[in-house]
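# Notes for the structure review
Each chain is listed here by its residues.
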Amino acid sequence: MSSEFTRFCPLADVPVGGKKAAKINDTWVMVCNTNDGLFAVSAICSHQDKPLFNGRVRNCKVTCPVHGARFDLKTGEPLDLPATKPIATYEVRVVDDWVEVCL
Amino acid sequence: MSEQALDNASNLAPGQARCPNEPTTQEIIARDKVGAPTWVRSESYAYMGSDDVTIDRYVDPAYAQKEFDRLWTRTWQFACREEHIPEVGDYYVYDIGRNSFIVTRTAENEVKAFYNACLHRGTKLRASNTEGCASEFTCPFHGWTWNLDGSLQKATCDWDFPHVKEDEFGLPEAKVELLAGFVFINMDHDAPPLAEYLGDDFLGHLKSWKMENRYIVGHVAKVIPANWKLTMEAFMEAYHVIETHPQVAVSNADANSQYDTYGEHVNRFISSLGVLSPHLRGQYTEQDVLDQFTVGDSSVLSGADRQLKEGETARQRMADMMREMFEKATNSDLSGVSDSELLDCFSYTVFPNTFLFAGISLPMVYRFRPVANDHRKCLYEVFFLRPVPKDGNRPEPAECVMLEEHQSFKEAEGMDPGFGEILDQDTENLLLQQEGLEATAKPGITLGNYQEIRVRHFEATVDKYVADNA
Ligand code: FES
Ligand code: FES
Ligand SMILES: [Fe+2]
């Protein structure tokens, strides 16, 4: 795996409590700005490959809006049925007021 | 009891005796500098007989099944707080036994509770113990989908289901009512409205507490190895304080606490703090009482001057200290709040399974639920509620911390260690009690006429629902 960071969006686009999904190359990535900091995870649910980005983020967890599985933003671990597999998590950092993600 | 006390007691009608030679709760409160409101300064005790309460209710799985059939299906239950589901589409899954409900906000001022099961082949639409936000509910099996309002949106391959009529395939609902920031549900569509169920007296009390302006700052849960009713009853009297919580008795008017009942579904006690236990009369000074006083949220008391002046009572000093510190800690104006509300423990049971604590020092809600298929296990939850900050920004409700059965309440993040210790003491007795009731040669438990009236009152209502096969 390469360890290159890619510019994702201006930090101003994701205020605390906000999130944003976009494609990096062919991968849908979602960045969430929480009380515990920035997290980047796959924007696609591991359960049935449905989009996760309309899901509610609370307490550092995202809930899939389709069937309701929750994932830990820090680890990607699934917390409830019907999901049993984790979602990918990515390193994220801020450089010059830009959010950068490493795929 | 002294002979004199026994003599006095025997001249009274049953249920009329009170802790001899001690002030009553009302007398203690009447001496306070900042006087209490009427909901505190009232009494509502009625004698309900002295018969033993049968123990089948605690030990017989068939009894637990009757409760699921007749009690849980017909009573108003606290399913979640409104703050759990602030936005349209937010939902919270509430389970009771094998029943499960998706409690969801369907419009700004409308909440519905759907039976959590697909109308195709039954799959739960949402896993138990989850919450989230949805714009529709899609079943994970074949994708049948319901709109937020419960109407059927889509039966996959509808050409194969000409017999599925949209108007017959809305998600079935339980009744819902909102009160004081709580979402209550009831499976019985013929149940009385919540206000009637609770009664005017209690509604008056609840109104003055403004619980709608509080938020959940902590939420801890643990499975207790005892029947749910035994678990609840461990919290219904202050009679156990001297034996179970010796560290508290020094500053708790335990044997002279006040007990009240309201209609069939609500009862309470008021247990005064900052006052020596009648059991310990003569053994401690007022300064000792002050020194040993602890409260649920003792973090707000650190650093206070604790030296009493001549003639000053521990209770009054505690009230003054609490007022000042809680004002600082919570950034709120408490000048109008009575000493009693700042200090005392006001424990209310709302039938069947919720405790509300009024007052400032112990701002809690308890919920108790039987574990499905095991009458010897109870899920016990403690919610800590704080007033919403003055700036009006409501913090997100705290997530539930689930303790393992072997863990201490003290291990829960954010739990005051002194309070965690009290909860450990309360729940440590329960396995022995459950097992004792299974081992006993005696068919009933025996209750005190006054101090255990809440237990009797509660079980009388349990009996009513279970016996009534309506
Ligand atoms: S697609 Fe996310 S839970 Fe099913
Ligand atoms: S069981 Fe739900 S769609 Fe088939
Ligand atoms: Fe106790």
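Everything numeric in this text was worked out from a predicted model, so none of it was measured.

### Remarks on the overall build of chain B
Of the regular secondary structure elements, chain B holds 14 helices and 20 strands. Taken over the C-alpha trace, chain B has a radius of gyration of 24 Å; the compact-globule value for 470 residues is 23 Å, and the two agree within 12%. Dimensions of chain B along its principal axes, counting C-alpha atoms only, are 85 × 55 × 40 Å. Evaluated residue by residue, chain B yields a buried proportion of 56% over its 470 residues. When contacts within chain B are restricted to residue pairs at least 6 apart in sequence, those whose partners lie at least 24 apart make up 66%. For chain B, the accessible area works out to roughly 20100 Å², and carbon and sulfur atoms hold 50% of it. Computed over 43 positive and 75 negative side-chain charges, the inter-centroid distance for chain B is 1 Å.

### Observations regarding the coordination of the iron ion (ligand 3)
Distances from the iron ion (ligand 3) to its protein donors, namely B:His240 (NE2), B:His245 (NE2), B:Asp426 (OD) and B:Asp426 (OD), fall within the range 1.9 to 2.8 Å. With 4 donor atoms in place around the iron ion (ligand 3) and angles of 52 to 145° between them, the coordination shape is irregular.

### A short note on the domain arrangement of chain B
All names here are of chain B. Entries for chain B in the domain assignment read domain 1 (3-56 + 208-466) and domain 2 (77-190). When each unit is reduced to the centre of its C-alpha atoms, the spacing between domain 1 and domain 2 is 35 Å. Domain 1 puts 20 residues into the contact, and the matching count from domain 2 is 16 residues. Carbon and sulfur atoms supply 61% of the area that domain 1 and domain 2 bury against each other, a total of about 1400 Å² over both sides. Of all residues in domain 1, the largest losses of buried area upon contact with domain 2 belong to Arg367, Arg369 and Pro397, amounting jointly to 31% of the total for that side.

### A look at the packing of aromatic side chains
Residue and element names in this part refer to chain B. All told, the structure shown has 34 aromatic pairs over all chains when counted by the stated rule. Ring geometry for tryptophan 144 versus phenylalanine 161: centroids 5.1 Å apart, planes at 90°, classification edge-to-face. Taken together, the positions of tryptophan 144 in the loop between strand E7 (136-138) and strand E8 (145-147) and phenylalanine 161 in the loop between strand E9 (152-154) and strand E10 (173-179) put the pair 17 residues apart, joining distant regions of the chain. Neither tryptophan 144 nor phenylalanine 161 differs from the other in exposure class; each is buried. Ring centres of phenylalanine 351 and tyrosine 465 lie 5.7 Å apart, and the angle between their planes is 10°; this geometry places the pair in the stacked category. With phenylalanine 351 in the loop between strand E15 (345-350) and strand E16 (354-358) and tyrosine 465 in helix H14 (residues 453-467), this pair connects stretches of sequence that are 114 residues apart. Each member of the pair, phenylalanine 351 as well as tyrosine 465, is classed as buried. Connected via pairs of aromatic rings, a cluster forms that spans Phe235, Phe355, Phe357, Tyr366, Phe368, Tyr380 and Phe409. Directly above the aromatic system of tyrosine 450 lies the positively charged group of arginine 18, at a separation of 3.5 Å from the ring centroid. Its end group placed over the ring of phenylalanine 78, arginine 367 keeps NZ or CZ at 4.7 Å from the ring centre.

### Thoughts on the confidence of the model for chain B
The predicted coordinates of low-pLDDT regions are not to be read in fine detail. For chain B, per-residue confidence averages 93 on the pLDDT scale, and 95% of positions sit at 70 or higher. Across the interface, the model reports ipTM at 0.88; the global pTM reads 0.93.

### Observations concerning the interface of chain A and chain B
Each partner contributes to the interface: chain A provides 16 residues, whereas chain B provides 21 residues. Considering only the surface of chain A that becomes buried against chain B, A:Arg56, A:Arg58 and A:His67 emerge as the three largest contributors, covering 43% of it. For the pair chain A and chain B, the number of links is 4 salt bridges. With a shortest N-O distance of 3.0 Å, A:Lys61 and B:Glu399 are connected by a salt bridge. Counting only elements with at least two residues in the side of chain A that touches chain B, the list comes to strand E5 (57-58) and strand E6 (61-63) of chain A. For the side of chain A that touches chain B, the class distribution of residues is 5 nonpolar, 6 polar and 5 charged.

### Observations regarding the sheet that holds strand E19 (residues 401-403) of chain B
Residue and element names in this part refer to chain B. In space, the 8 strands of this open sheet follow the order E13-E14-E15-E16-E17-E18-E12-E19, with mixed pairing throughout. Taken across any chain shown, the strands that pair with only one partner, and hence form the sheet edges, are strand E13 (258-262) and E19. Sheet twist, expressed as the mean angle between neighbouring strand axes with direction ignored, is 20°. As paired strands, E15 and E16 are joined by 5 bridges and run antiparallel to one another. By the bridge assignment for E16, serine 347 is matched with phenylalanine 357. Contacts from H14 reach E13, strand E14 (266-271), E15 and E16, with the element oriented near 170° to E14.

### Describing the pattern of salt bridges
Residue and element names in this part refer to chain A. Using the criterion set out here, one finds 31 salt bridges over all chains in the structure. Here arginine 93 ties to glutamate 100 by a salt bridge, and the two come within 2.9 Å at their closest N and O atoms. Its relative accessible area of 38% is what places arginine 93 among the partly exposed residues.

### So, the UniProt feature "domain: Rieske" (unreviewed entry) in chain B
When the UniProt feature table is mapped onto this chain, "domain: Rieske" (unreviewed entry) is found at residues 76-185 of chain B. For residues 76-185 of chain B, the end-to-end C-alpha separation is 5 Å, with 0% helix and 45% strand making up the annotated structure.

### Quick notes on the pairing of strand E18 (residues 374-387) of chain B
All names here are of chain B. One ladder, built from 10 bridges, connects strand E12 (residues 214-224) with E18; its direction is antiparallel. Of the residues in E18, the one forming a bridge with isoleucine 224 is cysteine 378. Here 8 bridges tie strand E17 (residues 364-371) to E18, and the two strands are oriented antiparallel to one another. The partner of valine 365 across the bridge, within E18, is phenylalanine 383. In this structure, the hairpin formed by E17 and E18 is closed by a connection of 2 residues, where asparagine 373 is found at a positive phi of approximately 65°.

### What to know about the nonpolar core
Residues and elements named next belong to chain B. Within the largest apolar cluster, 115 residues are counted, with the highest numbers of intra-cluster contacts made by Val103, Leu356 and Tyr366. For this core, the two domains that each supply at least three residues are domain 1 (3-56 + 208-466) and domain 2 (77-190). Apart from the residues lying within four places of it in its own chain, the contact partners of valine 103 are Ala79, Cys80, Ile85, Asp90, Tyr91, Tyr92, Tyr94, Val111, Lys112, Ala113 and Val183. Core analysis: the second largest hydrophobic core is formed by 18 residues, Tyr91, Cys118, Trp144 and Phe169 among them.

What counts, and where the lines are drawn
Residues numbered from 1 in each chain as written. Chains lettered and ligands numbered in written order. Predicted model: local features only at pLDDT ≥ 70, side-chain atom pairs only at ≥ 80, totals over all residues. Heavy atoms only, no water. Helix = DSSP H or I, 4+ residues; strand = E, 2+ residues; numbered from the N terminus. Rg over C-alpha atoms; globule rule 2.2 N^0.38 Å. Buried < 20%, exposed > 50% of the residue type's maximum accessible area, 1.4 Å probe, protein only. Contact = heavy atoms within 4.5 Å. Areas by Shrake-Rupley, 256 points an atom, 1.4 Å probe, with all protein chains shown as cover. Lys, Arg positive; Asp, Glu negative; His and termini not counted. Charge placed at Lys NZ, Arg CZ, Asp CG, Glu CD. Donors = N, O, S within 2.8 Å, 3.2 Å for Na, K, Ca; no water. Tetrahedral: all angles 85-135°; square planar, octahedral: opposite > 155°, others 65-115°. Domains from an automatic or database assignment. Buried area = accessible area lost by both parts, 1.4 Å probe. Phe/Tyr/Trp six-rings, centres within 6.5 Å; stacked < 30°, edge-to-face > 60°. Lys NZ or Arg CZ within 6 Å of the ring centre and 35° of its normal. pLDDT = per-residue confidence, 0-100. Salt bridge = Lys/Arg side-chain N within 4 Å of Asp/Glu carboxyl O. Nonpolar A, V, L, I, M, F, W, Y, C, P; charged D, E, K, R; others polar. Pairing = 2+ DSSP bridges. Axes fitted to C-alpha atoms, helices over the stretch in contact; angles between N-to-C directions. UniProt positions renumbered as here; feature names shortened; annotations may be inferred. Core = buried A, V, L, I, M, F, W, Y, C linked by side-chain atoms within 4.5 Å.

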